[in-house]
Amino acid sequence: MISFAAPWLLLALPALPLLWWLLRVTPPQPRRMDFPAAILLRDLPVAEETPVRTPWWVLLMRMLAAALLIVGLARPVMGPGASAGGQGTLLLVMDNSWAAGPDWPLRVAIAQAELDRASREGRPVALLATAPGDAAAPPRVIGPMPAEDLAPRLAALRPRSWPPDRAAALDALEAWGRGERFSSLYLSDGLAHGQDDAAHALMQRLSAGGGLTLARTDTRPTRLLSPPRAEGDRMVLSLRQSPVAAAGEAQVIARAQDGRALAQAVIPLGAGATGGEAVLELPSEIRNRIYRLDIADEPGPGGVVLLDERFRRRPVGLLPGAEEAGADAPLIGDLFYLERALTPYAELRRGDVDRLLARPISVLILADRTVSSAEGAALTRFVERGGMLIRFAGPRLAEAPDTLLPVQLRAERQLGGSLSWEQPQHLAPFPEGSPFAGLPVPAEISVERQVLAEPSARLAEKVWARLADGTPLVTAETRGAGRIVLFHVTANAEWSDLPLSGLFVSMLRRLVALSTGVSGLEGEGALPPLEALDGFGRLAPPPPGAQAIPASGEAVPSARTPPGWYGTAGGDGFRRALNLGDTLPAPVLHGAPPEGTDLRTIAGIPPERDLGPWLIAAALALLAIDLLVSLRLRGLLGFARAAGIGLILLTAPAQAEENLPGLVTRLGYVVTGDAAVDETMRQGLAGLSDFVNRRTAAALAQPAGVVPGRDDLSLYPLLYFTVRPDAPALAPEAVAALNTFMRNGGIILFDTRDEGSGEGFAPGARAALRRVTQGLAIPPLMPVPEEHVLRRAFYLLAEMPGRFAGGNVWVSREQDRANDSVSPVVIGGHDWAGAWAVDARGQNVHAAVPGGTRQRTLAYRFGANLVMYALTGNYKGDQVHVPAILERLGN
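Calculation rules
Residues numbered from 1 in each chain as written. Predicted model: local features only at pLDDT ≥ 70, side-chain atom pairs only at ≥ 80, totals over all residues. Heavy atoms only, no water. Helix = DSSP H or I, 4+ residues; strand = E, 2+ residues; numbered from the N terminus. Areas by Shrake-Rupley, 256 points an atom, 1.4 Å probe, with all protein chains shown as cover. Salt bridge = Lys/Arg side-chain N within 4 Å of Asp/Glu carboxyl O. Buried < 20%, exposed > 50% of the residue type's maximum accessible area, 1.4 Å probe, protein only. Pairing = 2+ DSSP bridges. Contact = heavy atoms within 4.5 Å. Polar contact = N/O pair within 3.5 Å; in protein donor to acceptor, adjacent residues only side chain to side chain. Core = buried A, V, L, I, M, F, W, Y, C linked by side-chain atoms within 4.5 Å. Axes fitted to C-alpha atoms, helices over the stretch in contact; angles between N-to-C directions. Parallel < 35°, antiparallel > 145°, perpendicular 65-115°, else oblique. Nonpolar A, V, L, I, M, F, W, Y, C, P; charged D, E, K, R; others polar. pLDDT = per-residue confidence, 0-100. Arc of directions from axis to C-beta. Phe/Tyr/Trp six-rings, centres within 6.5 Å; stacked < 30°, edge-to-face > 60°. 1 Å grid on protein atoms, 1.4 Å probe; cavity = no way out; pocket = protein on both sides within 12 Å on 5 of 7 lines; lining within 4 Å. Points joined across faces, edges and corners; volume = space filled by probe spheres on them. Left-handed = near helix turned anticlockwise from the far one by under 90°. Right-handed = clockwise from strand over helix to strand, strands pointing away.

Colleague: Even after reading the chapter, I still don't get the overall build of the protein chain, so can you show me in this structure?
Modeller: Across its full length, the protein chain holds 23 helices and 42 strands. Element-wise, carbon and sulfur atoms account for 56% of the exposed surface of the protein chain, whose accessible area totals about 41,300 Å².

Colleague: What should I look at first to understand the pattern of salt bridges in this one?
Modeller: Side-chain pairs of opposite charge can arise whenever the charged atoms involved come near each other. Across all of its chains, the model carries 30 salt bridges by this definition. Its salt-bridge partner being Asp294, residue Arg292 comes within 3.0 Å of it at the nearest N-O pair. By relative accessible area, Arg292 is classed as buried at 13%. One salt bridge in this structure joins Arg682 and Glu679, with 2.7 Å as the shortest N-O distance. Of this pair, Arg682 and Glu679 both sit in helix α18 (residues 675-695), three residues apart, which is roughly one turn of the helix. Using a relative accessible area of 30% as the deciding quantity, one classes Arg682 as partly exposed. Each of Asp103, Arg107, Arg220 and Glu298 takes part in one network of salt bridges that share partners.

Colleague: Where do I start with the sheet that holds strand β30 (residues 539-540) in this structure?
Modeller: Think of a sheet as strands paired side by side through backbone hydrogen bonds, with each pair either parallel or antiparallel. The antiparallel open sheet is built from four strands, whose spatial order is β30-β29-β32-β33. Of all strands in the sheet, those bounded by a partner on one side alone are β30 and β33 (575-578). Two strands pair when backbone bridges link them, and strand β32 (residues 564-567) and β33 are joined in this way by four bridges, in the antiparallel orientation. By the bridge assignment, Gly567 is partnered in β33 with Arg575.

Colleague: What is the right way to look at the pairing of strand β25 (residues 463-466) in this model?
Modeller: On any regular strand, side chains alternate: one points to one face of the sheet, the next to the other face. Taken together, the three bridges between β25 and strand β26 (residues 472-479) define a ladder with antiparallel strand orientation. Bridge pairing in β26 places Ala465 opposite Val474. Linking β25 to β26, which pair antiparallel, is a turn of five residues; within it Gly470 sits at a positive phi near 95°.

Colleague: Explain the environment of Arg260 to me, please; I cannot follow it from the model alone.
Modeller: The residue Arg260 is located in the loop between β12 (248-255) and β13 (261-269) in this model. Between the C-alpha atoms of Arg260 and Ala805, which are 545 residues apart in sequence, the distance is 8.0 Å. Every residue in contact with Arg260, bar those within four places of it in the chain, is listed here: Ala254, Arg255, Arg289, Gly756, Ser757 and Glu759.

Colleague: Hey, could you run me through the side chain of Ser446 in this one?
Modeller: Along the polypeptide, Ser446 turns up in strand β23 (residues 446-447). On the basis of relative accessibility, which here comes to 12%, the residue Ser446 falls in the buried class. Setting aside residues no more than four positions away along its own chain, Ser446 makes contact with Pro424, Gln425, His426, Ser496 and Asp497.

Colleague: Could you clarify how one ought to interpret the side chain of Thr672 in this entry?
Modeller: Looking at the secondary structure, you find Thr672 in the loop between β36 (668-670) and α18. Only 3.2 Å separates the side chain of Thr672 from the backbone nitrogen of Asp674, close enough to count as a polar contact. Within the local environment of Thr672, its side chain forms a polar contact with the side chain of Asp678, the two groups lying 2.7 Å apart. Non-local contacts of Thr672, meaning those with residues more than four positions away in its chain, are made with Val677, Asp678, Met681, Thr722 and Arg724.

Colleague: It is not clear to me how the nonpolar core should be interpreted in this structure. Could you clarify?
Modeller: Side chains that are nonpolar tend, in soluble globular proteins, to be buried together. Judged by nonpolar contacts, the single largest core of 40 residues is most densely connected at Val692, Tyr720, Leu749, Leu790, Val826, Trp836 and Phe862. Put simply, the parts of the chain that give this core at least two residues each are α18, β38 (718-722), β39 (747-751), α21 (832-836) and α22 (852-872). Top contributing element to this core by residue count: α22, with 10 residues. In this structure Leu790 touches Val784, Met800, Val811, Val826, Phe862, Asn865, Leu866 and Tyr869, once residues within four positions along its chain are discounted. Within the second largest apolar cluster, 39 residues are counted, among which are Leu335, Ala341, Leu342 and Phe436.

Colleague: What exactly am I supposed to notice about the packing of α18 against α22 here?
Modeller: Relative placement of two packed helices is described by the angle separating their axes and the distance separating the axes. Two elements in contact, α18 and α22, have axes separated by 10 Å at closest approach and are oriented at 75°. The pairing of α18 with α22 is recorded here as roughly perpendicular in orientation. Along the contact surface, α18 presents Gly687, Leu688, Phe691 and Val692, while α22 presents Tyr860, Arg861, Gly863, Ala864, Val867 and Met868. Partitioned by chemical class, the residues of the contact of α18 with α22 number seven nonpolar, two polar and one charged.

Colleague: I keep staring at unusual backbone geometry and nothing clicks. Help me out?
Modeller: Following Gly143, the chain continues to Pro144 via a peptide bond in cis, the omega torsion being 5°. In the Ramachandran plot, His193 falls in the positive-phi region, its phi being about 55° despite a non-glycine side chain. The phi torsion at Asp831 lies on the positive side, around 50°, for a residue other than glycine. The topology assignment puts Asp831 in the loop between β42 (825-828) and α21. Accessibility expressed as a relative area gives 5% for Asp831, which makes it buried.

Colleague: Please explain the confidence of the model for the protein chain as it appears in this structure.
Modeller: The predicted coordinates of low-pLDDT regions are not to be read in fine detail. In the predicted model, the protein chain carries a mean pLDDT of 81, and 81% of its residues have values of at least 70. Per-residue pLDDT stays below 50 along residues 416-421; that stretch engages in three contacts with residues further than four places along the chain or on separate chains. Overall, residues 517-524 carries pLDDT values under 50, and its contacts beyond four positions in sequence, including any with other chains, amount to 15 contacts.

Colleague: Looking at this structure, I do not really get the environment of Gly596. What am I missing?
Modeller: Inspection of the secondary structure assignment puts Gly596 in the loop between α15 (580-583) and β34 (598-601). In this structure the C-alpha to C-alpha distance between Gly596 and Thr213, which are 383 residues apart in sequence, comes to 9.2 Å.

Colleague: Any chance you could explain helix α5 (residues 147-156) here in plain terms?
Modeller: Note that an α-helix has 3.6 residues per turn; residues three or four places apart therefore point the same way. All buried positions along α5 are accounted for by Ala147, Leu150, Ala151 and Leu154. Buried residues along α5 cover an arc of 120° about the axis, so they all sit on one side. Seen from the buried face of α5, the exposed residues on the opposite side, beyond 90 degrees, are Glu148, Pro152 and Ala156. On the buried face of α5, the contacting elements are β5 (89-94), α4 (104-121), β6 (125-129) and β7 (141-145).

Colleague: Help me understand the packing of aromatic side chains, please; the structure alone is not making it clear to me.
Modeller: When we look at a pair of aromatic rings, we describe it by the centre distance and by the angle of the planes. Inspection of every chain in the model, using the stated rule, returns 13 aromatic pairs. With centroids separated by 5.1 Å and ring planes inclined at 20°, the aromatic side chains of Phe691 and Tyr860 adopt a geometry described as stacked. One end of the pair, Phe691, is in helix α18; the other, Tyr860, is in helix α22, and 169 residues separate them in sequence. Taken as a pair, Phe691 and Tyr860 share a single burial class, namely buried. One aromatic cluster in this structure is built from Phe691, Phe794, Tyr795 and Tyr860.

Colleague: Just checking my understanding: could you explain the sheet that holds β5 for this structure?
Modeller: Strand order in the open sheet made by the six strands is β7-β6-β5-β8-β9-β34, with mixed pairing throughout. Taken across any chain shown, the strands that pair with only one partner, and hence form the sheet edges, are β7 and β34. Along the sheet, successive strands turn relative to each other by an average axial angle of 15°, direction set aside. Relative to strand β9 (residues 212-216), strand β8 (residues 182-187) is paired through four bridges, and the arrangement is parallel. Note that in β9 the partner of Leu185 across the bridge is Thr213. Each of β5, β6 and β8 is contacted by α4, which is oriented at about 175° to β5, the strand it contacts most.

Colleague: Hey, could you run me through empty space enclosed by the protein in this one?
Modeller: The gaps of empty space that remain are located by a probe, the size of a water molecule, rolled over the atoms. Enumeration according to the criterion identifies one cavity of 30 Å³ or more in this entry. For the largest cavity, the calculated volume is near 50 Å³. What lines the largest cavity is simply Trp98, Ala99, Pro102, Arg220, Thr222, Arg223, Glu298, Gly300, Gly302 and Gly303.

Colleague: What should I look at first to understand the packing of helix α6 (residues 166-176) against helix α7 (residues 196-208) in this one?
Modeller: The contact between α6 and α7 brings their axes to 8 Å, and the two run at 25°. In terms of orientation, α6 and α7 fall into the roughly parallel class. Remark: the crossing between α6 and α7 carries left-handed chirality. In this structure, α6 uses Arg166, Ala167, Ala169, Leu170, Leu173 and Glu174 to contact α7, whose residues at the interface are Ala198, Ala199, Ala201, Leu202, Arg205 and Leu206. Residues that form the contact of α6 with α7 fall into these classes: nine nonpolar, no polar and three charged.

Colleague: Can you help me understand the pairing of β9 in this one?
Modeller: Extensive coverage of β9 is indicated by the burial of five of its five residues. On β9, burial covers both faces: Leu212, Leu214 and Arg216 on one face and Thr213 and Ala215 on the other are all buried. In this fold, the crossover linking β8 to β9 by way of α7 has right-handed handedness.

What follows is the structure, encoded as structure tokens:
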């Protein structure tokens, strides 16, 4: 389908017959003659002459050139786009839910193309976004209005981090569309969101309005990352997705709070699969630093899981009361039940006190153990610095109590024995303010023996659990920054049934979770929002109208409670994560659209193409040929010369690009043999070249891949070299070619893709860098200093991120005057090509983590500085530019 941006120019086409009449005459070819005397002219016969007619094929060529020029100036646009068609108002309906984030730029581009089409056709347009707005504002229809007025509103529209409300969108449509004829383009996220009936009703109403074009994502799965579950020392990652025909995989990256990658796992997904799992095994020190999990290249809140204290695997030390050999004896050992209760949820360590405290540890558990003076001093320091000491009673502790107890002990109490008339006691409900509050108390648990606390004025505030007769079962006291907790029964089943119950496991889990400064699990309350995930999976201030969630964290993500962090601010504050994967249903496609719907796939909608420049170029080429033909017909140009000139004019651009690459400036990349890596480098340098061409006076052609030792490297000022983890050492001819390239002033950018937030993304890349650079004349290196020209060659840069942020960028330490003191190598691991990469539509291919758009902008600016550095050397280092730079820094 072809439409015209300036159709009124086509009115010039009927004038072509007049042009035919004007152009059909060709002046006769002049002849050179000797001028005779006037008397000789008297006797010459007079012959009537007629002008020579222009050959029909020349006239046809001129008419074609004129027609191409007229049509080209009318700006024809080819491509169906989404092609809503119909008459009346064009209604754009967009699902701006959490599932729309990964391909949001493409959705906006399709909608903008429809606005352009409506503007050319003079149709009014309207916009309906189906997700609730800030403060849970219901969806509403904006418009109708001219397309030019709606374009800024479309550009400002963003995906939300919660599901759509299609029932409310249908209500808004009913209120707006009564009695109005309209056609609709519905850019759906393709999911039912548990509202399949509402989705079908909305599509029915749109279809009844005057025609519906439905564009949705069918080829790309919509994925939802679930919170991980702990299985011993392993963290099991799980993912749910809408089924697609092709098999694939999802790469999940575990990141620290500063954005650095700590580990990664690949979840395989078969054809038609609705989910998959992968295992992440990490030491507890690293596992406890995980702040969030991200699906790589999936910008959206559905691919993010924030990890709070519930997901930390805390180190817990176990100390038996007697010899270590008998502590694990089945059913009777001091540590038998403790190990089985805590193994799935904590990292258990064994050893003496000094060995356990030599490493960071959260909890120490002493099972009926008497403490020596040396151990007491070490344990006191541990508690006062924030540790939790949990102790269990027993015959040894009852006989020789020490000072590391929350209460003073007075005697051992035996219930139900032959010397007592009392019966075994059951547990009372847990009091408010206790960490165990809310846990159900099984009626079958009984206590036969315990140690008693000495009565005191403050005893009641130290009790976390009681027996039915009111005597303390668990007491606790704060010492310094830590706590001491005492179970007044043994850790085995000798004195009570508590270790045999599931309540024992739950109590221990809450105590471990309470360690290391975790507060807020006590009592009830509400947690206000601190940060919220936006529609692209980035943390930002919470939207207006965001409300608090219960302290338990049980809430459903919505416009009122968006996914993100809730809790109390400050370094010692408590944070609770609310994730989409906690409560949302699995991604399921909504039902079939109504009959007669024009169904499209978003990824399959070709972009509109402006044919005007191509038609004008063709018209100019025909006019150039016409000039040569006219000169030939008038005898001013021989046939051979005309053919030669025409051939040169037609083939000169191709020769400049292909056979004469030295006539253009382009960036190069070293071919690695990995198709995906090479394509990323090509897309990245293409995106950087476009940025440099738009922002600077440089004119860069499309980048080219090179093979050192085979291709001429002298034609490229800069080479991009991605170092794969499995990259072999370079061949001798490649080493010689690269050394010659650097010696003659060329720059090589080595990228290992493992620095900063990309740490762990390409394990083994640094060892591969040593292999690759073996034999190369790499000078001594240093991190880029603040005053280096690379930081100010075009933009003033304080940091130089790529797809990843953080880490160092290395340049030559020595000044090589032969090459204007330009470093022949720049080495980093920020995946700059991934940040610069653009696809055929001009959309960025990879997400920049963790900084998003701003980080990508800085990456492009670093690329521009690098290109200027390669083209101009230390030009910006001249002292003449210092005043201008200082003035800009001052402003």
